[in-house]
Amino acid sequence: MGRVGVLLLNLGGPDKLEDVRPFLYNLFSDPEIIRLPFSWLQKPLAWMISSLRTQKSQENYQQIGGGSPLRRITEEQARALEATLKQRGHETQVYVGMRYWNPFTEEAIAQLKRDQLEKLVILPLYPQFSISTSGSSFRLLEKLWNEDEQLQKLDYTVIPSWYDRPGYLNAMADLIARELDRLPNPDDAHIFFSAHGVPRSYVEEAGDPYQEEIEKCTEGIMQTLNRSNQYTLAYQSRVGPVEWLQPYTEDAIENLAEEGVGTLVVVPISFVSEHIETLQEIDMEYREIAQEAGIEHFHRVPALNTHPMFIEDLADLVEEATKAPSLSFDGVMHPPKKTKFYPQERWEWGLTASAETWNGRLAMLGFLALMAELITGYGPLHFVGLL
Ligand SMILES: C=CC1=C(C)c2cc3[nH]c(cc4nc(cc5[nH]c(cc1n2)c(C)c5CCC(=O)O)C(CCC(=O)O)=C4C)c(C)c3C=C
Ligand SMILES: [Fe+2]
Ligand SMILES: [Fe+2]
């Protein structure tokens, strides 16, 4: 391998409570997170929603020590990957580029430009692809590439998703097996996969492959685990007034309690680090819902973080990507062989018919909800949990 860099992409999280508001503003300014028919509406709406959500969000971050651990853990993953590649004889520089908070993707790109790389592997730390996560980061990279001739000369390989890799599945199965084996009756536990949700329209109208990749990932983990336990897949963390992927985690927990399930082993599967949605939402909110519904034993499988099998698998992925034939950039962001920048044709951008329908619908709903909320001071967004 020549002079190779790896760019790890992640979402980012506020390091301290003062960061929450500008972090939320960045997040809601992203058209991949909230889609509006008119781009001029994006910033005012982002300002409004982030202002209205800051307090609730800060309370949640307060409960996990006053900030997100995401930066620290992602840096640890980067250093572990670098060390593993070094052991294998590769001098590789691993960069961290966050989408909405420090260290920003733009800074990582500025640094890797100074380092004069021969080849770059672009590796999102999301196992499954979603328009709202890896897609948003790819979108940003596309913009940076279009503006920069030096970047256009750099060979790069993009890994759109990697939820089906045996090393990753083994690492997940290992963590689940360890949690099960701590129980007096491991076979009786119900394994509960909780994936981060996305609005249903992302999948059904924009063609986001996220749901399919989550389902295949869950099946792959269960096959690798090779145990007889029953299992469920549900979606957590819904925000806003539109319908998200179903079943919702809270409903699925209550249904299982009604069916008489007494032990849940919850597995977070959209994310490879501990973050607010594992530490606060699952460990506190969903635990309380489960207890109130009558589930006696609620256990949570830890996130992968720097699990050695996981880091080894990322190192394999980087080695494979650097061996794959690469193309240099020629002005159009199209992918090298065997990789794809955007995963599918149906994911269309701009003013396509389907994008417009649901842009309009979402905007109308969001706008009406916001107006009602602003006028009455207590509107529908309170009930659906956005504020
Ligand atoms: C694969 C993981 C994630 C998907 C898919 C995703 C979609 C998505 N998220 C929001 C809204 C918010 N996300 C927030 C924080 C946040 N989200 C993820 C992961 C996914 N999001 C992470 C890792 C984090 C950061 C966690 C941390 O530790 O800081 C937040 C802010 C937190 C809060 O106020 O609840 C919001 C808001 C939408 C709307 C969306 C899909 C369209
Ligand atoms: Fe999110
Ligand atoms: Fe979230």
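Fair warning: this is a prediction, and the values are worked out from it, not measured in the lab. (Residues numbered from 1 in each chain as written. Chains lettered and ligands numbered in written order. Predicted model: local features only at pLDDT ≥ 70, side-chain atom pairs only at ≥ 80, totals over all residues. Heavy atoms only, no water.)

1. Overview of the pattern of salt bridges
Right, on to step 1. For the structure shown, the criterion picks out 25 salt bridges.
Right, on to step 2. A salt bridge links R88 to E312; the shortest N-O distance between them is 2.7 Å. Linking R88 in the loop between α3 (70-87) and β2 (92-98) with E312 in helix α12 (residues 308-323), this pair joins segments that are 224 residues apart in sequence.
Right, on to step 3. What makes R88 partly exposed here is its relative accessible area of 27%.
Right, on to step 4. With relative accessibility at 35%, the residue E312 sits in the partly exposed group.
Right, on to step 5. With its nearest N and O atoms 3.8 Å apart, the salt bridge here joins E179 to R182.
Right, on to step 6. Taking relative accessible area as the criterion, E179 reaches 8% and is therefore assigned buried.
Right, on to step 7. You can call R182 exposed: its relative accessible area is 65%.
Right, on to step 8. A single salt-bridge network, built from bridges that share partners, covers D15, R71, E75, R79 and E82. (Salt bridge = Lys/Arg side-chain N within 4 Å of Asp/Glu carboxyl O. Helix = DSSP H or I, 4+ residues; strand = E, 2+ residues; numbered from the N terminus. Buried < 20%, exposed > 50% of the residue type's maximum accessible area, 1.4 Å probe, protein only.)

2. As for the UniProt feature "binding site: Fe(2+)" (unreviewed entry) in the chain
Right, on to step 1. Under the local residue numbering, the UniProt record ascribes the feature "binding site: Fe(2+)" (unreviewed entry) to H196 and E277. A compact arrangement is adopted by the annotated residues: their sequence extent is 82 residues, whereas the largest C-alpha distance between any two is 8.5 Å.
Right, on to step 2. Following the sequence through the fold, H196 ends up in strand β5 (residues 190-196).
Right, on to step 3. Apart from residues no more than four positions distant in its own chain, H196 is found in contact with Y210, Y235, Q236, S237, W244, S270 and E277.
Right, on to step 4. Position of E277 relative to the elements: it lies in helix α11 (residues 276-293).
Right, on to step 5. Among residues more than four places away in sequence, those in contact with E277 are H196, Q236, S237 and I282.
Right, on to step 6. A distance of 3.3 Å separates a polar atom in the side chain of E277 from a polar atom in the side chain of H196. (UniProt positions renumbered as here; feature names shortened; annotations may be inferred. Contact = heavy atoms within 4.5 Å. Polar contact = N/O pair within 3.5 Å; in protein donor to acceptor, adjacent residues only side chain to side chain.)

3. Regarding the domain arrangement of the chain
Right, on to step 1. Looking at the chain, the domain boundaries give domain 1 (4-163 + 307-333), domain 2 (166-300) and domain 3 (353-383).
Right, on to step 2. Placing a centre on the C-alpha atoms of domain 1 and another on those of domain 2 gives a separation of 24 Å.
Right, on to step 3. Counting from both sides, the interface comprises 30 residues of domain 1 and, opposite them, 31 residues of domain 2.
Right, on to step 4. Summed over both sides, the interface of domain 1 with domain 2 buries roughly 2,500 Å², with 66% coming from carbon and sulfur.
Right, on to step 5. At the junction of domain 1 with domain 2, the criterion picks out zero salt bridges. (Domains from an automatic or database assignment. Buried area = accessible area lost by both parts, 1.4 Å probe.)

4. Regarding the site of ligand 1
Right, on to step 1. Of all residues adjacent to ligand 1, which total 27 residues, the nearest are R53, S57, Y61, S68 and I276.
Right, on to step 2. Within the side chain of R53, one N or O atom sits 2.7 Å away from an oxygen atom of ligand 1.
Right, on to step 3. Between ligand 1 and S57 there is a distance of 2.8 Å, counted from an oxygen atom to a side-chain nitrogen or oxygen.
Right, on to step 4. Starting from 800 Å² of accessible surface for ligand 1 in isolation, the protein chains cover 96%.
Right, on to step 5. For the shell around ligand 1, the secondary-structure elements that each account for two or more residues are α1 (20-28), α2 (42-63) and α11.
Right, on to step 6. The element contributing the most residues to the shell around ligand 1 is α1, with four residues.
Right, on to step 7. Grouping the amino acids of the shell around ligand 1 by side-chain chemistry returns 16 nonpolar, nine polar and two charged.
Right, on to step 8. Taken domain by domain, the shell around ligand 1 gets at least three of its residues from each of domain 1 (4-163 + 307-333) and domain 2 (166-300). (Near = heavy atom within 4 Å. Areas by Shrake-Rupley, 256 points an atom, 1.4 Å probe, with all protein chains shown as cover. Nonpolar A, V, L, I, M, F, W, Y, C, P; charged D, E, K, R; others polar.)

5. A closer look at the side chain of H307
Right, on to step 1. Within the secondary structure, H307 is located in the loop between β8 (297-300) and α12.
Right, on to step 2. Residue classification places H307 among the buried positions, given a relative accessible area of 9%.
Right, on to step 3. In terms of polar contacts, H307 uses its side chain to reach the backbone amide nitrogen of M309, at 3.2 Å.
Right, on to step 4. The residues touching H307, leaving out its near neighbours within four places in the chain, are A171, D174, L175 and R178.

6. Description of the coordination of the iron ion (ligand 3)
Right, on to step 1. Binding of the iron ion (ligand 3) to the protein goes through H196 (NE2) and E277 (OE), at separations of 1.9 to 2.7 Å.
Right, on to step 2. Between the iron ion (ligand 3) and the iron ion (ligand 2), the interatomic distance is 3.1 Å. Residue H196 is found in strand β5, and its partner E277 is found in helix α11; the two are separated by 81 residues along the sequence. (Donors = N, O, S within 2.8 Å, 3.2 Å for Na, K, Ca; no water.)

7. As for the packing of helix α7 (residues 166-180) against helix α9 (residues 210-225)
Right, on to step 1. With their axes 9 Å apart at the nearest point, α7 and α9 run at an angle of 60° to one another. The element α7 and its partner α9 pack so that their crossing is right-handed. Within the contact between the two elements, α7 uses Y168, L169, N170, M172, A173, I176, A177 and L180 and α9 uses C217, G220, I221, T224 and L225.
Right, on to step 2. Residues that form the contact of α7 with α9 fall into these classes: ten nonpolar, three polar and no charged. (Axes fitted to C-alpha atoms, helices over the stretch in contact; angles between N-to-C directions. Left-handed = near helix turned anticlockwise from the far one by under 90°.)

8. A few points about the sheet that holds β5
Right, on to step 1. With parallel pairing, the four strands of this open sheet are ordered in space as β6-β5-β7-β8. If you trace the sheet from one side to the other, it starts and ends with β6 (231-236) and β8, each paired once. With direction set aside, neighbouring strand axes in the sheet form an average angle of 25°.
Right, on to step 2. As paired elements, β5 and strand β7 (residues 263-268) share five bridges and run parallel to each other. Bridging across to β7, H190 finds its partner in L264.
Right, on to step 3. α7 contacts β5, β7 and β8 of the sheet and is inclined by roughly 155° relative to β7. (Pairing = 2+ DSSP bridges.)

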